[in-house]
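# Coordinates in review
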Amino acid sequence: MNSTMLFDDQLLTEFADTFFGYGNYRGKYWFVGMEEGGGDSFTDINQRLNVWSERGKQELEDLAMYHQRLGGGRFFDDKPKLQSTWNKLIRLYLCAQGEDVSTTRVREFQKSTLGRKEGDIALLELLPLPSPSTRHWLYAQHSELPHLATRDIYHNYYALKRATHLKQGVKHYRPKVVVFYGKGYQEWWQAIADNELHEEKELGILKGRSRFTLFIVTKHPVAMGVANNYFQEIGQAIAQHNL
């Protein structure tokens, strides 16, 4: 193993234990995914760790400020490129708020509002380390941490403790709506919601309610065949709840 290509395992551990995503826990809407995309090289992951450290090792980062430091300014410039996952989550949110979902409005929302520290949205992840897909696992090559030896070991090590943290967060912050995306992780969404989730076939979702929070499980925004309209219709349905 080339020692020049090892992560700082102490920093990597702090990141995995501490970092949960972007935005504001006090926001009305939480979007919860399996894990963040990206992280397709040692250099990319190492930069993410170092920028996170330099910016104060925050549990929730500011989406735009963090990604601009990473060189992702194309998502936040004057005519931002729409990011494939964020685009559809924004459409759901705007429809739920009764707002316009033109491409111009979605771009503006991504640039100025999504995942900001004082905003209305938290973008959160069940698992902490970025990866381009579930077929990739670079961490074993560049870390000596035993719980990163395989993706399965990593999943078993982190999923329960992070699901528990998110469940406690829901009870403490009482978001109006929690949207889990990716139906393959239903057992974890159920654990975080701590409520029964029932299928609504017409919309293609699962739904549940606690006293304070509406829980929705959707298909993943980048799953094959999932169109903008799917998320817009879910947003319109949420709007009917008068939250």
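Throughout what follows, the structure given in this document is the object of discussion. On a predicted model such as this, the values are computed, not experimentally measured, just so you know. (Residues numbered from 1 in each chain as written. Predicted model: local features only at pLDDT ≥ 70, side-chain atom pairs only at ≥ 80, totals over all residues. Heavy atoms only, no water.)

The next point concerns the sheet that holds strand β7 (residues 205-209). Spatial strand order, β3-β1-β4-β2-β5-β8-β7-β6: 8 strands in an open sheet with mixed pairing. Each having just a single partner strand, β3 (60-61) and β6 (198-200) make up the two edges of the open sheet. In this sheet, strand β4 (residues 121-125) lies alongside strand β2 (residues 29-33) in parallel orientation, the contact comprising 5 bridges. Residue pairing in the sheet places Gly-33 in a bridge with Glu-125 of β4. (Pairing = 2+ DSSP bridges. Helix = DSSP H or I, 4+ residues; strand = E, 2+ residues; numbered from the N terminus.)

The next subject is empty space enclosed by the protein. Following the criterion strictly, the structure yields 1 cavity of 30 Å³ or more and no others. If you add up the space inside the largest cavity, you get close to 40 Å³. Contributing to the lining of the largest cavity are Phe-19, Phe-20, Gly-21, Glu-36, Glu-125, Leu-127, Pro-128 and Arg-162. Across the lining of the largest cavity, the residue classes break down as 4 nonpolar, 1 polar and 3 charged. (1 Å grid on protein atoms, 1.4 Å probe; cavity = no way out; pocket = protein on both sides within 12 Å on 5 of 7 lines; lining within 4 Å. Points joined across faces, edges and corners; volume = space filled by probe spheres on them. Nonpolar A, V, L, I, M, F, W, Y, C, P; charged D, E, K, R; others polar.)

Counted under the stated rule, the structure contains 22 aromatic pairs. Consider the rings of Tyr-25 and Tyr-173, whose centres lie 5.2 Å apart with planes at 15°: the pair is stacked. Highlighted residues: Tyr-25 in the loop between β1 (21-23) and β2 and Tyr-173 in helix α7 (residues 151-173), separated in sequence by 148 residues. By relative accessible area, which is 12% here, Tyr-25 ends up buried. According to the relative accessible area criterion, Tyr-173 is partly exposed, its value standing at 29%. Note on Tyr-230 and Phe-231: the rings are 5.1 Å apart at their centroids and 90° apart in plane angle, and the pair reads as edge-to-face. With relative accessibility at 13%, the residue Tyr-230 sits in the buried group. By relative accessible area, which is 0% here, Phe-231 ends up buried. Among the aromatic residues, ring-to-ring pairing joins Phe-7, Phe-42, Trp-137, Tyr-139, Tyr-154, Tyr-157 and Tyr-158 into one connected group. (Phe/Tyr/Trp six-rings, centres within 6.5 Å; stacked < 30°, edge-to-face > 60°. Buried < 20%, exposed > 50% of the residue type's maximum accessible area, 1.4 Å probe, protein only.)

It is worth stressing that arrangement in space is one thing and function is another; only the former is reported here.
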